[in-house]
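Survey of secondary and tertiary structure
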Amino acid sequence: MNAVVATSVFAVFMVAAVALGLLALRGRGKGGGLAEWSVGGRSLGPVFIWVLMAGEGYTSFSYLGAAGWGYNYGAPVLYVVAYMSCGYAIGYVVGPMLWGYARRHGLVGITDMVAHRFGRPWLGAVVAVLATVFLLPYIQLQITGMGVVLSVISYGAVSLNWAYFVAFAVTTGFVVVSGLRGSAWVSVLKDVLVIATLGFLALYVPLHYFDGYGPFLDRLVAEKSDWLTLPGHGGGGSGASGLGELWFISTTFLNSLTVVIFPTTVAGYLGARNADALRRNAMYLPAYNVLLFVPMLLGLAALFVVPGLAGAESNLALFKLVVDSLPAWAVGVIGVAAGLSSIVPMAVFMLVIGTMWGRSVLSLVPRLAERQKPAAQVVVVVAGGLALLLTYTAPNTLVRLSLISYEGMAQLLPMVLLALVWRRLTFRGAFSGLIVGVAVVCVLVFSGNDPLGGVNAGLVALAANLAVALAVTFAGPRDVDPRPDAEVLAHDPVGEEGDPLSVARSARGASDHRV
């Protein structure tokens, strides 16, 4: 009976999510072209941008991985809060800059930007292929995350294989049709449930199992003190876990830079109605990070309630606390919040891959140049289907690729960001640096040298990337590009006509002048 109740609640909300995603198209005819589908017609306001970008940051990792990391290691998991908060601060500057660049030139993603900046369409295709390799593991991880959640909240009644398929089918069901706008609408439902369920669990678990926060924290300090400092549990005095201070600082620094040019983040930037919506978003998003402390804390609570979890089972620490102690309907609602935390980011990952291929790869084929949106929609299904197939047949393939996903994406920083603010950077320099950076990160990660001397391997690779890019740029011939700086470089749109911040400043200036 518990399984029936919990899965029924889950099913109702999944149908509602698909319906909400499709409802996003109401009044928009056939859905418009590629820009309408991939970046919401550049018309999303502050609320939709906030829930969409918060949805990208709050994935199934927050319910499974964050609690699992808290359970296994403790304090090192706080790097997630650190890098996301720092990334939002950087995004205050970078987001409006990329939004303005894309809007001026009719671009819809980072592959577009790279191709336009260096004047080489084929370069956008290369970046699209590389970014796809780094993004596919995230789709697989979200499929796996939702599958695990559904299987657990159904009390084992739904098999993992069926749960994986449900994750793929629900996400594909609305993202192919409604695109980024549908993901934003579903994010509203997801965020309401996430805030409600985590707020409830933050109060329920300490009271139910420990008679309050005081006794829980006293016991944590007395019995599990090594979970509360770096390098966390298992690190020892020598930092054997590799998760010490150097790792924390270097990972926070690298990820906070990378997150602002991550293709899914950029999709959120480009969907904004104006640059001011992104500035406001950057100020409000860190408040959402407060929620990340809840699964981390619950992972620590699980140390006392369900000790002995090992391996992948530790990722279920949060659900182990609630499945046996809450009524089935409540378990179902919490499962829905966790499931939607898989669906929303997975939808954006799939959409971004489709956009990159439709715009930068398949458009190079003459017959497909005028059919970019249909091509992108087909790629969405193919990318999701490929991740699903590998989840069934060779899950370790994508798991191993996921080891280099974020660190590999970081190697695009010079080509995507530095090149947009520094014209002197040449194509030869940027491309050479990219090759070296990706090679270094692959060698370090797959040889077991991540971190290297306590430093995140991705940062070591990025340093090599930049060194090569600068050396080749200054030693080699300069690129001959007749276009003016305004055509090639990006800048913050403050001061441009229609920018709300500029209008507000002008109004204040006029008022001061009258006074």
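Residues numbered from 1 in each chain as written. Predicted model: local features only at pLDDT ≥ 70, side-chain atom pairs only at ≥ 80, totals over all residues. Heavy atoms only, no water.

1. Here we look at the pattern of salt bridges
The final tally for this structure, using the stated rule, is 9 salt bridges. Glutamate 223 is the salt-bridge partner of arginine 219, the closest N and O atoms lying 3.3 Å from each other. Here the residue arginine 219 and the residue glutamate 223 both occupy positions in helix α10 (residues 213-223), the gap between them amounting to 4 residues, near one helical turn. The class for glutamate 223 is partly exposed, based on a relative accessible area of 47%. Measuring nitrogen to oxygen at the nearest pair gives 3.0 Å for the salt bridge that ties aspartate 492 to arginine 279. (Salt bridge = Lys/Arg side-chain N within 4 Å of Asp/Glu carboxyl O. Helix = DSSP H or I, 4+ residues; strand = E, 2+ residues; numbered from the N terminus. Buried < 20%, exposed > 50% of the residue type's maximum accessible area, 1.4 Å probe, protein only.)

2. Structural notes on the layout of surface pockets
Of the volumes computed, that of the second largest pocket is approximately 250 Å³. Taken together, Arg117, Phe118, Arg120, Arg423, Arg424, Leu425, Thr426, Arg428, Arg478, Asp479, Val480 and Asp481 form the lining of the second largest pocket. (1 Å grid on protein atoms, 1.4 Å probe; cavity = no way out; pocket = protein on both sides within 12 Å on 5 of 7 lines; lining within 4 Å. Points joined across faces, edges and corners; volume = space filled by probe spheres on them.)

3. Focus on the packing of aromatic side chains
Under the definition given, this model contains 24 aromatic pairs. Geometrically, the ring pair formed by phenylalanine 210 and phenylalanine 216 is tilted, given 4.8 Å between the ring centres and 40° between the ring planes. Phenylalanine 216 shares its class with phenylalanine 210; the two are buried. Aromatic ring contacts, followed pair by pair, group Trp69, Tyr73, Tyr79, Tyr83, Tyr138, Trp247, Phe248, Phe262, Phe349 and Tyr406 into a single cluster. One Lys or Arg, arginine 117, reaches over the ring of phenylalanine 118 and ends 4.7 Å from the middle of that ring. (Phe/Tyr/Trp six-rings, centres within 6.5 Å; stacked < 30°, edge-to-face > 60°. Lys NZ or Arg CZ within 6 Å of the ring centre and 35° of its normal.)

4. Considering a nonpolar patch on the surface
A cluster of nonpolar side chains, namely Tyr92, Val93, Met283 and Tyr284, defines an oily patch on the protein surface of about 410 Å² accessible area. Counting residues per element, the ones that place at least two in the nonpolar patch are α6 (79-105) and α13 (275-288). Residue position: methionine 283 is located in helix α13. (Patch = residues over 30% accessible without salt bridge, like charges linked within 9 Å, V, L, I, M, F, W, Y side chains within 5 Å. Areas by Shrake-Rupley, 256 points an atom, 1.4 Å probe, with all protein chains shown as cover.)

5. A word on the nonpolar core
Judged by nonpolar contacts, the single largest core of 163 residues is most densely connected at Met113, Ile139, Leu201, Phe319, Leu340 and Leu412. Setting aside residues up to four positions removed in sequence, leucine 412 forms contacts with Ile110, Val127, Leu130, Ile261, Leu417 and Leu434. (Core = buried A, V, L, I, M, F, W, Y, C linked by side-chain atoms within 4.5 Å. Contact = heavy atoms within 4.5 Å.)

6. Looking at empty space enclosed by the protein
Here the structure, examined in full by the defined rule, presents 2 cavities of 30 Å³ or more. Along its surface, the largest cavity is lined by Ser38, Val39, Val108, Gly109, Ile110, Pro263, Val266, Ala267, Leu351, Val352, Thr355 and Met356. Of all the secondary-structure elements, those providing two or more residues to the lining of the largest cavity are α2 (34-39), α12 (263-270) and α16 (328-361). If you tally residues by element for the lining of the largest cavity, the top one is α16, at 4 residues.

7. Section: unusual backbone geometry
That bond from leucine 230 to proline 231 is cis: its omega, 5°, falls within 30 degrees of zero. Turning to its location among the elements, proline 231 is positioned in the loop between α10 and α11 (245-258). A cis amide bond links aspartate 450 with the next residue in sequence, proline 451, at an omega value of 5°. In this fold, proline 451 is placed in the loop between α21 (427-446) and α22 (457-475). Phi at tyrosine 155 is positive, roughly 55°, even though this residue is not glycine. With respect to the helices, strands and loops of the structure, tyrosine 155 is situated in the loop between α8 (121-153) and α9 (160-210). Residues other than glycine seldom take positive phi values, yet aspartate 211 does so here, at roughly 65°. Inspection of the secondary structure puts aspartate 211 in the loop between α9 and α10.

8. Quick word on the packing of helix α1 (residues 2-23) against α8
Orientation of α1 relative to α8, taken along the N-to-C sense of each, is 140°, at an axis distance of 9 Å. By the angle between their directions, the pair α1 and α8 is classed as oblique. Between α1 and α8, the contacting residues are Ala6, Phe10 and Met14 on the first element and Met146, Leu150 and Ile153 on the second. Of the residues that constitute the contact of α1 with α8, the class distribution is 6 nonpolar, no polar and no charged. (Axes fitted to C-alpha atoms, helices over the stretch in contact; angles between N-to-C directions. Parallel < 35°, antiparallel > 145°, perpendicular 65-115°, else oblique. Nonpolar A, V, L, I, M, F, W, Y, C, P; charged D, E, K, R; others polar.)

9. Considerations on the packing of α21 against α22
At their nearest, the axes of α21 and α22 sit 7 Å apart, and the two run at 155° to each other. One finds that α21 runs roughly antiparallel with respect to α22. Handedness of the α21/α22 crossing: right-handed. Within the contact between the two elements, α21 uses Arg428, Gly429, Ala430, Ser432, Gly433, Leu434, Val436, Gly437, Val440, Val441, Leu444 and Val445 and α22 uses Ala457, Gly458, Val460, Ala461, Ala464, Asn465, Val468, Ala469, Val472 and Thr473. (Left-handed = near helix turned anticlockwise from the far one by under 90°.)

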